[in-house]
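So you can see what is in the structure, the chains are spelled out below.
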Amino acid sequence: MIAPTSVDTNLSQLLEEVSSGKIQLPEFQRSWTWDDNRIQGIIASLSQGYPMGAVMRLQYGNPDIKFKYRPIEGVSGISVMPEHLVLDGQQRLTSIYQAVFSDKCVKTKNDKEKKIERFYYLEIEKCMDESVDRADAVIAVPADRKIKENFDRNIKLDLSDRNKEFANKMFPMNIVYHSKQLTDWMMGYFKFYNGDSAATDLFMEFKAKVIDTIIAYKLPVITMDKSTPRDAVCKVFENVNTGGVALTVFELVTAAFATREFDLRKDWLACKRVIQGRDDTLRTDLLDGIDETTFLTAITLYISYINKSNGKSGAVSCKKKDVLALDFDSYIANREQILVGFQLAREFLLKYQFVFRMRDLPYTTQLIPLAAICAALGKSKCNEPNTIKILSRWYWCGILGELYGGANETRYANDIEDVIEEIYGRPNASRTINSAFFSSTRLLTLQTRNSAAYKGIMALFYMQKCRDFMNNITIDIVNSMLQSPDIHHIFPESYCEKVGISRQKYNCIVNKTPILPETNRSIGGNAPSVYTRSILKKVVGLTELELKGRIESHLINYKSLATDDFDTYFIDRAKKILDLIEIAMNKPVSDRNAEITVQQFGAALK
């Protein structure tokens, strides 16, 4: 159980610990980003004692959570192991450290993103004037401590030495937590205004109301014990860092691996090149959607399966906590094999499933178990006809059953066990296959390519070697890149609207097919009886018998199409698509004759 402690802590103590390196940042934290305006704002709040939120930190020292660390920006000259790592509050803590503790000028940016260097002051007289907004009393000056105007010809404010600070009654913020410097500055101020009781009284009021407030300022500090598990650290960081860059599993694993002097980001770039087939002679963008977290999940799944098979662990799992616990040595030992798995998965999709491009890939998530399964089987076993048959059935049940749309880590673990057992002829639960179900009426709701089932059915059309109406080209890996087919209506939308065919029918997948741009232009908005005659005229030597063959390769009844008989064509094509689905899933679509099917289609689909 996680039991963090919360203690109000003097800001001065926190800044001392930042300076000494006792408090540092985990490597996965984003860089400091605050601009000049935000720094001035937090100085104003600090000078009035206003709350600015808690700091959350993690006690360092858990041997199982070895995050690489770095000093807070602006701290230099230290090389010590931290006692705590900041999870939340980095921007505030860094801004305050640089502006009110460090003796260096603050390297920040203005509201136009231009890089600038600034020192910060409080204008004493304005601070004591209750009619003045405190933010207006915070003065930022360049590194030479001179504010200039008229294209830098004239000096508007010069604070380049102590006497000039005294004369302008400007208090330098970066001495407030350094007692000797603060005392020296006060003594110098009193000496400068020797005998001027008004100036002395003004400063004493300023010290009591502002300086003492800053020195006494406390922040609530929430400390998580070093025994906090890594996945809890990730979740906590995600929750508290809503305004920053979301922390991913990959970032945490990267930070952990960095303690072994290993750059996971750099390694991922090399792995990604292999996964995407960047150096292949014939390359498509099919696996370009595989990201670093998907890759780590796949290798975790593979390692977990191998460990269970070898009796090293009790269960196969690739949940977030498992990925976060990924062992560096295991990663190095198994990285090459999972890359082989992704290569085999890509070959399986291109060669046997007719999925050629990233936009046509039904599920990126299903590639996690597919790559892990291929890695476990190896190239020789993956290429066996029986393996391809079993993998194909599992693949299509997942797509047409639409089973990979949410959190699927448990399904991935089931898949690698069930599919491999099935391939080796051993008893298994076949959980994805058994839970897959396709309803006939789903055809009517598949209206856009956003659906996995929609993309899957289009791939099934490609597998039938459907030919373009005009060019007689079949879509394979080469032609998919050279010709770039797209999905279009068979009975054109404008024609259907004109004759009163319902949108649910004319815009669903039953009335769509992949064709090339030239054919689509010939179809236009014309009735099929018109555009089929037009194609016969445009293509020299094309006979109606040949055109009939090309059109019927798309599972289209040519006679119904050529006579504009939408209802007959529609029912016939729906039946043929369901036949394809049954073959792919190797299980029946059970509601082809159901009452709801007859109601929605106007006929049974058996």
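For the structure, see preceding data.
In this text the structure is predicted, and so the values were computed from the model without any measurement.

A few words on the overall build of the protein chain. The helix and strand inventory of the protein chain stands at 28 helices and 14 strands. Relative to the globule expectation of 25 Å for 606 residues, the C-alpha radius of gyration of the protein chain, 35 Å, shows a markedly less compact shape. When its C-alpha atoms are laid out on the principal axes, the protein chain stretches across 115 × 65 × 50 Å. For the protein chain, buried positions account for 52% of its 606 residues. Considering only contacts within the protein chain whose residues lie at least 6 apart along the sequence, 73% involve residues at least 24 apart.

Where helix α15 (residues 385–400) contacts helix α27 (residues 566–585), the axes come no closer than 7 Å and their chain directions differ by 130°. Between α15 and α27, the angle falls in the class oblique. Here Ser392, Arg393, Trp396, Cys397 and Leu400 of α15 come into contact with α27, specifically with Ile581, Ala584 and Met585.

Attention shifts here to the packing of α15 against helix α19 (residues 452–463). Remark: α15 packs on α19, axes separated minimally by 8 Å, with the N-to-C direction vectors making an angle of 135°. Comparing the axis directions of α15 and α19 gives the class oblique. Residues Trp396, Ile399 and Leu400 of α15 lie in contact with α19, whose contacting residues are Ala452, Ala453, Gly456, Ile457, Ala459, Leu460 and Met463. Classifying every residue of the contact of α15 with α19 by side-chain character gives 9 nonpolar, 1 polar and no charged.

As for its placement among the helices and strands, Cys271 is situated in helix α10 (residues 264–275). Sequence-wise, Cys271 and Asn383 are 112 residues apart; in three dimensions their C-alpha atoms are separated by 23 Å. Leave out the neighbours within four places in its chain, and Cys271 touches Phe295, Tyr331, Arg335 and Leu339.

Opposite charge on two side chains permits pairing when their charged atoms draw close. The full count for this structure, using the stated rule, is 37 salt bridges. The salt bridge involving Arg335 is made with Glu336; its shortest N-O contact spans 3.7 Å. Through salt bridges with shared partners, a single network forms among Arg357, Arg359, Asp360, Arg449 and Asp486.

The next point concerns helix α13 (residues 328–352). Over its 25 residues, α13 extends 35 Å from the first C-alpha to the last, a length consistent with the 36 Å expected when each residue adds 1.5 Å. The largest bend in α13 comes to about 45°, at Asn334. With its phi angle positive at about 55°, Phe354 sits one or two positions after the end of α13.

All chains considered together, the criterion is met by 36 aromatic pairs. Here the aromatic rings of Phe166 and Phe192 are separated by 6.0 Å at their centres, their planes lie at 50°, and the arrangement is tilted. With Phe166 in helix α5 (residues 162–167) and Phe192 in helix α6 (residues 179–192), this pair connects stretches of sequence that are 26 residues apart. On the accessibility criterion, Phe166 (4% relative accessible area) is buried. Exposure remark for Phe192: the relative accessible area of 37% places this residue in the partly exposed category. Between Phe171 and Trp185, the aromatic rings sit 5.3 Å apart at their centres with planes inclined by 90°, giving edge-to-face as the arrangement. Of this pair, Phe171 sits in strand β11 (residues 170–172) while Trp185 sits in helix α6, and the two are 14 residues apart along the sequence. The exposure class assigned to Phe171 is buried, which follows from its relative accessible area of 0%.

Right, let's talk about the environment of Val323 for a bit. Here Val323 lies in helix α12 (residues 320–324). The class of Val323 is buried, set by a relative accessible area of 2%. Between the C-alpha atoms of Val323 and Ser380, which are 57 residues apart in sequence, the distance is 28 Å.

So, on to the state of the cysteines. All told, the structure shown has 0 disulfides when counted by the stated rule. Not engaged in a disulfide, the cysteine Cys271 finds its nearest cysteine sulfur in Cys374; these two sulfurs lie 17 Å apart.

The 6 strands lie next to each other as β1-β12-β3-β5-β2-β4, forming an open sheet whose pairing is mixed. This sheet does not close on itself; its edge strands, each paired only once, are β1 (5–10) and β4 (69–70). In this sheet, β4 lies alongside strand β2 (residues 23–26) in antiparallel orientation, the contact comprising 2 bridges. Residue pairing across strands places Leu25 opposite Arg70, the latter belonging to β4. Contacts from helix α1 (residues 11–20) reach β1, β2, β3 (55–59) and β12 (218–224) within the one sheet, and its direction differs from that of β1 by about 95°. Packing against the sheet, helix α3 (residues 90–100) makes contact with β2, β4 and β5 (84–88), and its axis sits at approximately 115° to β5.

Conventions we followed
Residues numbered from 1 in each chain as written. Predicted model: local features only at pLDDT ≥ 70, side-chain atom pairs only at ≥ 80, totals over all residues. Heavy atoms only, no water. Helix = DSSP H or I, 4+ residues; strand = E, 2+ residues; numbered from the N terminus. Rg over C-alpha atoms; globule rule 2.2 N^0.38 Å. Buried < 20%, exposed > 50% of the residue type's maximum accessible area, 1.4 Å probe, protein only. Contact = heavy atoms within 4.5 Å. Axes fitted to C-alpha atoms, helices over the stretch in contact; angles between N-to-C directions. Parallel < 35°, antiparallel > 145°, perpendicular 65-115°, else oblique. Nonpolar A, V, L, I, M, F, W, Y, C, P; charged D, E, K, R; others polar. Salt bridge = Lys/Arg side-chain N within 4 Å of Asp/Glu carboxyl O. Expected span 1.5 Å × (residues − 1). Bend = angle between axes of the 7 residues up to and from the residue. Phe/Tyr/Trp six-rings, centres within 6.5 Å; stacked < 30°, edge-to-face > 60°. Disulfide = S-S within 2.5 Å. Pairing = 2+ DSSP bridges.

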